[in-house]
Amino acid sequence: METTRRHVHPRGKGTASGRRDQTAQWGRAWEVDWFSLFGVVSLLCFAPFIVFYFVMACDQYQCSVTQPLLELYRGETSLPTIWARSPSFSWAAVKIYGVWVSFQVFLYMCIPDVVHKFLPVYVGGVQDGARTPAGLINKYEINGLQCWLITHALWFANAHYFHWFSPTIIFDNWIPLMWCCNILGYTVATFAFIKAYLFPTNSEDCKFTGNVFYNYMMGIEFNPRIGKWFDFKLFFNGRPGIVAWTLINLSYMAKQQELYGHVTNSMILVNVLQAIYVVDFFWNEAWYLKTIDICHDHFGWYLGWGDCVWLPYLYTLQGLYLVYHPVQLSDPHALVVLLLGLVGYYIFRSTNHQKDVFRRTDGSCSIWGRKPAFIECSYRSADGGVHRSKLLTSGFWGVSRHFNYTGDLMGSLAYCAACGFAHILPYFYIVYMSILLVHRCVRDEHRCSSKYGRDWKRYTDAVPYRLIPGVF
Ligand code: NDP
């Protein structure tokens, strides 16, 4: 396992916050309260049905989320009837999904990155991750952009030249593929759970809460790997889920063309805005190593199943909706959506970029044309070492503590607004993202507060709002 343990300088008295008594208990929860346990068990029980409900509502009820409930309430249909009408598991879908996942594993494991050799501004190849709570630094092979480019080049080559399969193949097998995704999601989560007990990659970074449901859902191992390079978090979050995102949208676009003979401007907007987000993710994959998913979350059902099922099915609901409702937006409406999406993206990217540059250069950079303002802080890792860090308080990071989330939410709202206002189903995404990011905000701040102690308080005094200045 390619990890390095950095030996750190124990700091003397009189440091910014020399709190030697603070044990290194930042990272995922060590104890589970009843409220969290209730949330975990509810999600484990209901999340797969939520996904099924939305996809079924499109398949059987033209994307109306209220109609199935009303029919059930009035006794006009029953759960067995809905179930019987849903496409079932098929071996054709298993073949498609097997080829897809195997191909992504092959690209991830067998083709080292060459893109960074042609594009020097792009950071690819072997990169260091962030320090784990146990004090380790993992190495990662960053080749996501290359995998995305190869996959999409093949997709377009097939659509326009080879014709091995129909570009609508994903839409045409959407529900059978969902069963395959669920099988992989549960298998991966269960494997990671068992692996953590039997052969963990880094036992010092494992966390057991004593609650089996919480451990299964939120994960025990921090960075489970098979061999030296197959990193579960990097692979599952990026590859079967996010590479697929743009392909799924392209498949919806092809279906619209097939059904109606044209593609609507709303479908183009959704494809373009979401493609910007996806390409941005891969262009900045090295940056992603420093985000909460990789730096702080453990790998369990939440990431494993979420990446295999929740992400490809629910992040793409707008495109699915537009296959059933080919909305043609007025020019002003389309322009507002485009502007909202682009401004949201600009805020999201610039905010993340400011933090990235600031951290990489250890503050020796310029933010909005000036030397950055920051708060010096320190923290302790589980090996007892004391480390220094800095919290940026200028640029977008001086506007609010998570302005990157605000930009992300603006972009998410744009995808939804591209679908018009006839149904609520496409708006699920903005509701979900708001819950996800507000919860993430609270979770992250709780962790940072345990990590940085009084220094974090100084930071929140300097930047008092979380998402929207003056509001929250
Ligand atoms: P951040 O990139 O905001 O990272 C938070 C971490 O950054 C903190 O834990 C802390 O880590 C450090 N930090 C906090 N404040 C400062 C500061 N002022 N200066 C320097 N460092 C600071 O959060 P995420 O990883 O959650 O999100 C990354 C991006 O991904 C966001 O733009 C988000 O919108 C997006 N995202 C999208 C999702 C989706 O499903 N579409 C899901 C989740 C995220 P440390 O311990 O190093 O100090």
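Residues numbered from 1 in each chain as written. Predicted model: local features only at pLDDT ≥ 70, side-chain atom pairs only at ≥ 80, totals over all residues. Heavy atoms only, no water.

1. Re the site of the ligand
Move 1: Taken together, 26 residues sit near the ligand, with Tyr315, Asp408, Arg440, Asp444 and Tyr452 positioned nearest.
Move 2: Side-chain polar atom of Asn404 to an oxygen atom of the ligand: 3.0 Å apart, as the coordinates give it.
Move 3: The side chain of Arg447 places a nitrogen or oxygen atom 2.6 Å from an oxygen atom of the ligand.
Move 4: Here the ligand loses 92% of its free accessible area of 910 Å² to cover by the protein chains.
Move 5: Residue assignment for the shell around the ligand shows that the elements contributing at least two residues are α16 (331–360), β7 (386–392), α18 (403–417) and α19 (428–452).
Move 6: Broken down by element, the residue count for the shell around the ligand peaks at eight residues, all from α19.
Move 7: Of the residues in the shell around the ligand, the class split is 14 nonpolar, four polar and eight charged.
Move 8: Split by domain, the residues of the shell around the ligand number at least three in each of domain 2 (89–328) and domain 3 (330–471). (Near = heavy atom within 4 Å. Polar contact = N/O pair within 3.5 Å; in protein donor to acceptor, adjacent residues only side chain to side chain. Areas by Shrake-Rupley, 256 points an atom, 1.4 Å probe, with all protein chains shown as cover. Helix = DSSP H or I, 4+ residues; strand = E, 2+ residues; numbered from the N terminus. Nonpolar A, V, L, I, M, F, W, Y, C, P; charged D, E, K, R; others polar. Domains from an automatic or database assignment.)

2. Let's talk about unusual backbone geometry
It is generally the case that most residues other than glycine have a negative phi and that most peptide bonds are trans.
Move 1: A positive phi angle, close to 50°, is found at Gln62, a residue other than glycine.
Move 2: Inspection of the secondary structure puts Gln62 in the loop between α1 (34–61) and α2 (67–74).
Move 3: Judged by its relative accessible area of 45%, Gln62 falls in the partly exposed class.
Move 4: For Trp368, which is not glycine, the phi dihedral falls at a positive 50°.
Move 5: Take Trp368: it is sitting in the loop between α16 and β6 (374–380). (Buried < 20%, exposed > 50% of the residue type's maximum accessible area, 1.4 Å probe, protein only.)

3. As for the packing of aromatic side chains
Move 1: Applying the stated criterion across every chain, the model contains 52 aromatic pairs.
Move 2: Ring geometry for Trp301 against Trp305: centres 4.6 Å apart, planes inclined by 5°, an arrangement best described as stacked. On the criterion of helical spacing, the pair formed by Trp301 and Trp305 is a turn pair, its members being four residues apart in helix α14 (residues 301–314). The residues Trp301 and Trp305 share a single accessibility class, namely buried. (Phe/Tyr/Trp six-rings, centres within 6.5 Å; stacked < 30°, edge-to-face > 60°.)

4. Observations concerning the nonpolar core
Move 1: Grouped together as the largest cluster of nonpolar side chains are 114 residues, with contacts concentrated most on Tyr97, Phe236, Trp310 and Tyr315.
Move 2: Considering each element in turn, this core owes the most residues, 13 residues, to helix α8 (residues 174–198).
Move 3: When sequence neighbours within four positions are dropped, the list of residues in contact with Phe236 reads Leu184, Val188, Phe230, Gly241, Phe299, Asp307 and Cys308.
Move 4: Counting 15 residues, the second largest nonpolar core, distinct from the first, contains Ile367, Tyr379, Leu391 and Tyr459. (Core = buried A, V, L, I, M, F, W, Y, C linked by side-chain atoms within 4.5 Å. Contact = heavy atoms within 4.5 Å.)

5. Notes on the UniProt feature "transmembrane region" (unreviewed entry) in the protein chain
Move 1: Taken from the UniProt record, the annotation "transmembrane region" (unreviewed entry) applies to residues 34–55, 145–162, 174–194, 259–279, 299–317, 329–348 and 412–438.
Move 2: Within residues 34–55, the helical portion is 100% and the strand portion 0%, while the C-alpha atoms at the span's ends are 32 Å from each other.
Move 3: End-to-end, the C-alpha atoms of residues 259–279 are 28 Å apart, and along that stretch the chain is 81% helix and 0% strand. (UniProt positions renumbered as here; feature names shortened; annotations may be inferred.)

6. Here we look at the pairing of strand β3 (residues 136–142)
Move 1: With respect to burial, β3 is a largely interior element, six of its seven residues being buried.
Move 2: Across five bridges, strand β2 (residues 125–131) lies against β3 in antiparallel orientation. Note on β3: the bridge partner recorded for Val126 is Glu141.
Move 3: Count of turn residues in the β2/β3 antiparallel hairpin: four residues, of which Gly135 carries a positive phi of about 100°. (Pairing = 2+ DSSP bridges.)

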